[in-house]
Amino acid sequence: RPPTHLLPHLRAAGLLPLRPPLPSSMCQKPLGSKKKSKSTKAKPVLAPGALGACPALDPFPYPHVRAPPGLFDRRALLAVREELASLQRTFKETDLFKVYQTGDLANLDPADPRHAAALPRTMALRSALYSSEFRAWVRQLTGCTELTDQTDCSCNVYGGGGHLLCHDDVIGSRCVSYILYLSRPDEAWEAAHGGALELYEMQEAAEGLPQPCAAPSASLAPEFGSMVLFAVQPGRSFHSVGEVLSADEPRLSVSGWFHAAAPPPGADETASLSQLQAVAKASRERSEE
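The structure displayed is predicted, hence computed values, not measured ones. (Residues numbered from 1 in each chain as written. Predicted model: local features only at pLDDT ≥ 70, side-chain atom pairs only at ≥ 80, totals over all residues. Heavy atoms only, no water.)

**Q** What is the right way to read the pairing of strand 12 (residues 227-231) from this model?
**A** Successive residues of a regular strand alternate their side chains across the two faces of the sheet. Burial of strand 12 is extensive: five of the five residues sit out of reach of the surface. Burial along strand 12 is two-sided: Met227, Leu229 and Ala231 and Val228 and Phe230, pointing in opposite directions, are all buried. Bridge count between strand 2 (residues 64-67) and strand 12: four bridges; the pairing is antiparallel. If you follow Ala67 over to strand 12, its bridge partner there is Met227. (Buried < 20%, exposed > 50% of the residue type's maximum accessible area, 1.4 Å probe, protein only. Helix = DSSP H or I, 4+ residues; strand = E, 2+ residues; numbered from the N terminus. Pairing = 2+ DSSP bridges.)

Here it is, written out as structure tokens:
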């Protein structure tokens, strides 16, 4: 749990202690049992030489990359996992999703030593993800346009029954989506637990724009330390999070977006959000006739 004197600063950033804490399976050790390090020197979050390797781009059902465990230092991720377990998560449920989510981790001020003292490994992870070196690596992997230094990420926890329905992630200048998994560090994530990232192939519709197929074409398990990235493509990068079926194994991740200077081409016409807005507008107009 962050020190008491730091709570006002975390409150201002929208990140408060969670009471009561999530199940003990969220943490490798119970909260408060972590021993203080004898060294104040920060250890790297990225594994040595990690950005020298380029995982293969899988083209089906649309281009995506799954970086296996080893990209990030395991001990650093375990520390991030423990820090995140002490933060407030807001329960959010709509027709699209059911999830616990922290505030935007961009609200943590990297120049504020009080924030760094409360969440040192989380701050270091965020800095590594949005560094110019990591963004260059993302561009090399995905072939995307130049990325800005805009930070946009949060911690998401899907408990039993948690899910995220099919959508394409197109909002504003989002360019590349990513998910870094922190679930179940000591055991493999089992298919019976649900919670897979599901990717959808497109099919022609009877009228209008192509639509995602009813069933996913690929499923990726949320394995601890692995990372999935894909370019945000209007009307194409459809994905979902399958319902978590285990009451004792929450699906924990840090996820977010790398942004470009402008929205992707076609965002106004083919993005799922634009299509929904067009349908809503047409419905309103019909009701006013």
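**Q** Please clarify how the environment of Gly49 should be interpreted in this entry.
**A** With respect to the helices and strands, Gly49 occurs in the loop between helix 1 (7-12) and strand 1 (57-58). What makes Gly49 exposed here is its relative accessible area of 64%. Sequence-wise, Gly49 and Leu71 are 22 residues apart; in three dimensions their C-alpha atoms are separated by 8.7 Å.

**Q** Would you mind going over the layout of surface pockets with me for this structure?
**A** Rolled over the atoms, a probe as big as a water molecule pinpoints where empty space is left. Estimates place the volume of the second largest pocket at around 850 Å³. Along the wall of the second largest pocket there are 41 residues; nearest its centre are Leu96, Leu164, His167, Asp169 and Arg174. Contributions of two or more residues to the lining of the second largest pocket are made by strand 4 (97-101), strand 5 (153-158), strand 6 (163-167), strand 7 (174-181), strand 10 (211-212), strand 13 (239-241), strand 14 (251-259) and helix 7 (272-288). Residue composition of the lining of the second largest pocket, by class: 20 nonpolar, 14 polar and seven charged. (1 Å grid on protein atoms, 1.4 Å probe; cavity = no way out; pocket = protein on both sides within 12 Å on 5 of 7 lines; lining within 4 Å. Points joined across faces, edges and corners; volume = space filled by probe spheres on them. Nonpolar A, V, L, I, M, F, W, Y, C, P; charged D, E, K, R; others polar.)

**Q** Just checking my understanding: could you explain the nonpolar core for this structure?
**A** If you look at soluble globular proteins, the nonpolar side chains tend to sit buried side by side. Of all hydrophobic cores here, the largest spans 45 residues; its most connected members are Leu71, Phe72, Phe134, Met227, Leu229 and Phe258. Only strand 2, helix 2 (74-84), helix 4 (120-129), helix 5 (132-142), strand 5, strand 7, strand 12 and strand 14 provide two or more residues apiece to this core. If we skip the residues at most four places from it in the chain, Phe72 touches Val45, Leu46, Ala47, Leu77, Leu125, Leu129, Phe134, Leu180 and Met227. Core analysis: the next-biggest nonpolar cluster, separate from the first, contains nine residues, Tyr181, Leu197, Leu199 and Ala218 among them. (Core = buried A, V, L, I, M, F, W, Y, C linked by side-chain atoms within 4.5 Å. Contact = heavy atoms within 4.5 Å.)

**Q** Sorry, what's going on with the pattern of salt bridges here?
**A** A side chain with one charge can pair with a side chain of the opposite charge if their charged atoms come near. Inspection of the entire model under this criterion finds five salt bridges. Here Glu223 makes a salt bridge to Arg66, at a shortest N to O gap of 2.4 Å. Highlighted residues: Glu223 in the loop between strand 11 (218-220) and strand 12 and Arg66 in strand 2, separated in sequence by 157 residues. Here Arg74 and Asp186 are joined by a salt bridge, their closest N and O atoms 3.1 Å apart. With Arg74 in helix 2 and Asp186 in the loop between strand 7 and strand 8 (197-199), this pair connects stretches of sequence that are 112 residues apart. The exposure class assigned to Asp186 is exposed, which follows from its relative accessible area of 55%. A network of salt bridges, in which partner residues are shared, links Arg184, Glu187, Glu190 and Glu249. (Salt bridge = Lys/Arg side-chain N within 4 Å of Asp/Glu carboxyl O.)

This is a description of form; function is not addressed.
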